[in-house]
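Structural overview for review
Each chain, letter by letter, is given below.
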Amino acid sequence: MSELTIGLVLPDVLGTYGDDGNALVLRQRARMRGLTAEIHKITLGQPVPEGLDVYTVGGGEDVAQLLAAEHLIADGGLNRAAEAGRPILAICAGLQVLGHSFRASGKIVDGLGLLDATTGSLKKRMIGEIISDPLLPGITEPLTGFANHQGSTILGADAKPLGSLTKGTGNCDEGEQVSYEGALQGSVVATYMHGPALARNPQLADYLLAQAMGISVEELPPLEGSFARQLGDEVVQLRKERLR
Ligand code: GLN
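Residues numbered from 1 in each chain as written. Predicted model: local features only at pLDDT ≥ 70, side-chain atom pairs only at ≥ 80, totals over all residues. Heavy atoms only, no water.

Considerations on the pairing of strand β3 (residues 54–57)
Convention followed: Throughout, exposure labels follow a simple rule: accessible area from a 1.4 Å probe, protein chains only, divided by the maximum for the residue type, with under 20% read as buried, over 50% as exposed, and the rest as partly exposed. Comment: elements are numbered from the N terminus, with helices defined as DSSP H or I runs of at least four residues and strands as E runs of at least two. If DSSP finds at least two bridges between two strands, the strands pair.
Covered by surrounding structure in β3 are Val 54 and Thr 56 together with Tyr 55 and Val 57, the residues of both alternating faces. Relative to β3, strand β1 (residues 4–9) runs parallel, the two being bridged by four bridges. Its bridge partner being in β3, Gly 7 is matched across the sheet by Tyr 55. Here three bridges tie β3 to strand β4 (residues 88–91), and the two strands are oriented parallel to one another. Bridging across to β4, Thr 56 finds its partner in Leu 89.

Written out as structure tokens, the structure is:
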């Protein structure tokens, strides 16, 4: 791979709580491995190129996510990228938009259908920290993030949860699925965790990086340099703090 290409999808409408940082984390962790990596920003109205290596979609306000869904459905590029197996990380509103339908601004709206998931409304808006035990093979550390959403997501049989919740409110707050967080289907990894999620959960970042490169996590080149070591220590400290 001569250059790792990271698609930052609609940062002008989706990208609350630093979610754009997920693309930065992927680029930085690639560069610290000696790889060339670039972020391709795709804004509202622009077509989503289907041949990038990995895509990140952030969270957003109800009105913003309506605009995002409308554009992404009309364009079709992100769906084609998913069909081609390109990894896609979707956060909060991003998760909702990638499902079959979601409720925003009092309307029930079609999503992209990349996740077997439908989103209604929580009884009470979830604002706060969440922790879950990962259900994605190869990820061993607890997942941590900050959540702020009104949406309540139920997964269908084709989507699996990303984590089993140990703290906070996850995808929904009633019914059989109360203890689930996030969704996995095909090449899509979706979560309610802001943070940004990949800064807080480096194992998840490396999972996506490996997927983007078409290799296993074990095959990723080692992180190099004093900055990588310093960053590693800092991440450990910050994760401890958050988990506490
Ligand atoms: N607008 C959505 C909700 O409240 C998503 C919020 C977000 O992305 N933080 O459920």
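Describing the UniProt feature "binding site: substrate" (unreviewed entry) in the chain
Put simply, the rule is: UniProt positions are given in the numbering used here, feature names are shortened, and annotations may be inferred rather than shown by experiment. Contacts described as polar in this section are N or O atom pairs within 3.5 Å, which, within protein, must combine one atom able to donate a hydrogen with one able to accept it, while residues neighboring in sequence count only if both atoms come from side chains.
Mapped onto the present numbering, the UniProt feature "binding site: substrate" (unreviewed entry) falls on Arg 125. With respect to the helices, strands and loops of the structure, Arg 125 is situated in strand β7 (residues 117–134). A polar atom in the side chain of Arg 125 sits 2.7 Å from the side chain of Asn 148.

Focus: the state of the cysteines
Here, disulfide denotes a covalent bond that connects the sulfur atoms of two cysteines. Note the threshold: Note that a disulfide, as used here, is simply two cysteine sulfur atoms within 2.5 Å.
If you walk through the whole model with that rule in mind, you get zero disulfides. No disulfide involves Cys 172; its sulfur sits 14 Å from the nearest other cysteine sulfur, which is in Cys 92.

Considerations on the environment of Gly 113
Applicable threshold: Contact definition: two residues touch when any of their heavy atoms are within 4.5 Å.
With respect to the element layout, Gly 113 can be found in the loop between β6 (107–110) and β7. Taking relative accessible area as the criterion, Gly 113 reaches 36% and is therefore assigned partly exposed. Residues Gly 113 and His 100, spaced 13 residues apart in sequence, show a C-alpha to C-alpha distance of 4.3 Å. Not counting chain neighbours up to four residues away, the residues in contact with Gly 113 comprise Leu 98, Gly 99 and His 100.

Regarding the site of the ligand
Just so we agree on the cut-off: A molecule or strand has a residue near it when one of that residue's heavy atoms lies within 4 Å. Computed by Shrake-Rupley with a 1.4 Å probe, the accessible areas treat only the displayed protein chains as cover when residues are assessed.
In the region of the ligand, 15 residues are neighbours, and Gly 60, Asp 62, Gln 65, Cys 92 and Gly 151 sit closest. Within the backbone of Gly 60, an N or O atom sits 2.8 Å from an oxygen atom of the ligand. One of the backbone nitrogen or oxygen atoms of Ala 93 is found 3.1 Å away from an oxygen atom of the ligand. The fraction of the free accessible surface of the ligand (300 Å²) that becomes covered by protein chains is 95%. Looking at the shell around the ligand, the elements with two or more residues in it are α2 (62–75), α4 (93–98) and β8 (143–155). The biggest single contributor to the shell around the ligand is β8, with four residues.

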